[in-house]
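Each chain, written out:
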Amino acid sequence: MYIGEVAGRVVSTVKTEGLKNIPLLVVQLIEKGRRTRMIVAADSTGQAGQGDLVYLIGSEHAAQVFRRELVPSDASIAGIIDTCHIAIPNDIN
């Protein structure tokens, strides 16, 4: 698992069948307390929005979050973080 901050949305008019009705969000990862690269993640909560801190599941486990069927996803948002007790600097470097 890892954490990140939702930076925006991806709008896609054509998706594979397993990803239909699943929001795709751009998430800036937070590693070792610093903002790093951005990825696209499938939002299994359906409720994450810009600025939310979220925790994600990666690799083949990301597809299993959806339970109804395996979806083609390398990263899935598994939950929204209410409180985080670490310092997260504002600088990207």
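The structure this text deals with has already been given above.
Throughout what follows, the structure given in this document is the object of discussion. (Residues numbered from 1 in each chain as written. Predicted model: local features only at pLDDT ≥ 70, side-chain atom pairs only at ≥ 80, totals over all residues. Heavy atoms only, no water.)

## Points about the nonpolar core
If you look at the biggest cluster of nonpolar residues, it comprises eleven residues: Val-6, Leu-25, Val-27, Leu-29, Ile-39, Ala-41, Ala-48, Val-54, Leu-56, Ala-75 and Ile-77. Elements supplying a minimum of two residues to this core: β2 (24–31), β3 (34–43), β4 (53–58) and β5 (75–80). Apart from the residues within four sequence positions on either side, Ala-41 is in contact with Pro-23, Leu-24, Leu-25, Val-27, Leu-56, Ala-75, Ser-76 and Ile-77. (Core = buried A, V, L, I, M, F, W, Y, C linked by side-chain atoms within 4.5 Å. Buried < 20%, exposed > 50% of the residue type's maximum accessible area, 1.4 Å probe, protein only. Helix = DSSP H or I, 4+ residues; strand = E, 2+ residues; numbered from the N terminus. Contact = heavy atoms within 4.5 Å.)

## What to know about the pattern of salt bridges
Between side chains of opposite charge, pairing is possible as soon as their charged atoms come close. If you walk through the whole model with that rule in mind, you get two salt bridges. One salt bridge connects Glu-5 with Arg-35, and the closest N-O pair in it is separated by 2.7 Å. With Glu-5 in strand β1 (residues 2–10) and Arg-35 in strand β3, this pair connects stretches of sequence that are 30 residues apart. Between Lys-20 and Glu-17 there is a salt bridge; the shortest N-O distance is 3.4 Å. Residue Lys-20 is classed as partly exposed on the basis of its relative accessible area of 42%. (Salt bridge = Lys/Arg side-chain N within 4 Å of Asp/Glu carboxyl O.)

## Section: unusual backbone geometry
We note that Asn-21 has phi near 70 degrees; this positive angle belongs to a residue other than glycine. Tracing the backbone shows Asn-21 in the loop between β1 and β2. Even without a glycine there, the phi angle at Lys-32 is positive, about 55 degrees. Along the polypeptide, Lys-32 turns up in the loop between β2 and β3. On the basis of relative accessibility, which here comes to 87%, the residue Lys-32 falls in the exposed class.

## Remarks on the sheet that holds β3
Spatially, the five strands close up into a barrel ordered β1-β2-β3-β5-β4, and their pairing is mixed. Along the sheet, successive strands turn relative to each other by an average axial angle of 55 degrees, direction set aside. In this structure, β1 lies alongside β2, joined through seven bridges in antiparallel fashion. Paired with Gly-8 across the two strands is Val-26, which belongs to β2. (Pairing = 2+ DSSP bridges. Axes fitted to C-alpha atoms, helices over the stretch in contact; angles between N-to-C directions.)

## Some points on the side chain of Asp-43
Counting through the fold element by element, Asp-43 comes out in strand β3. Looking at Asp-43, its side chain comes within polar contact range of the main-chain nitrogen of Gly-46, at 3.2 Å. There is a polar contact of 3.3 Å between the side chain of Asp-43 and the backbone nitrogen of Gln-47. (Polar contact = N/O pair within 3.5 Å; in protein donor to acceptor, adjacent residues only side chain to side chain.)

Nothing here speaks to function; it is geometry throughout.
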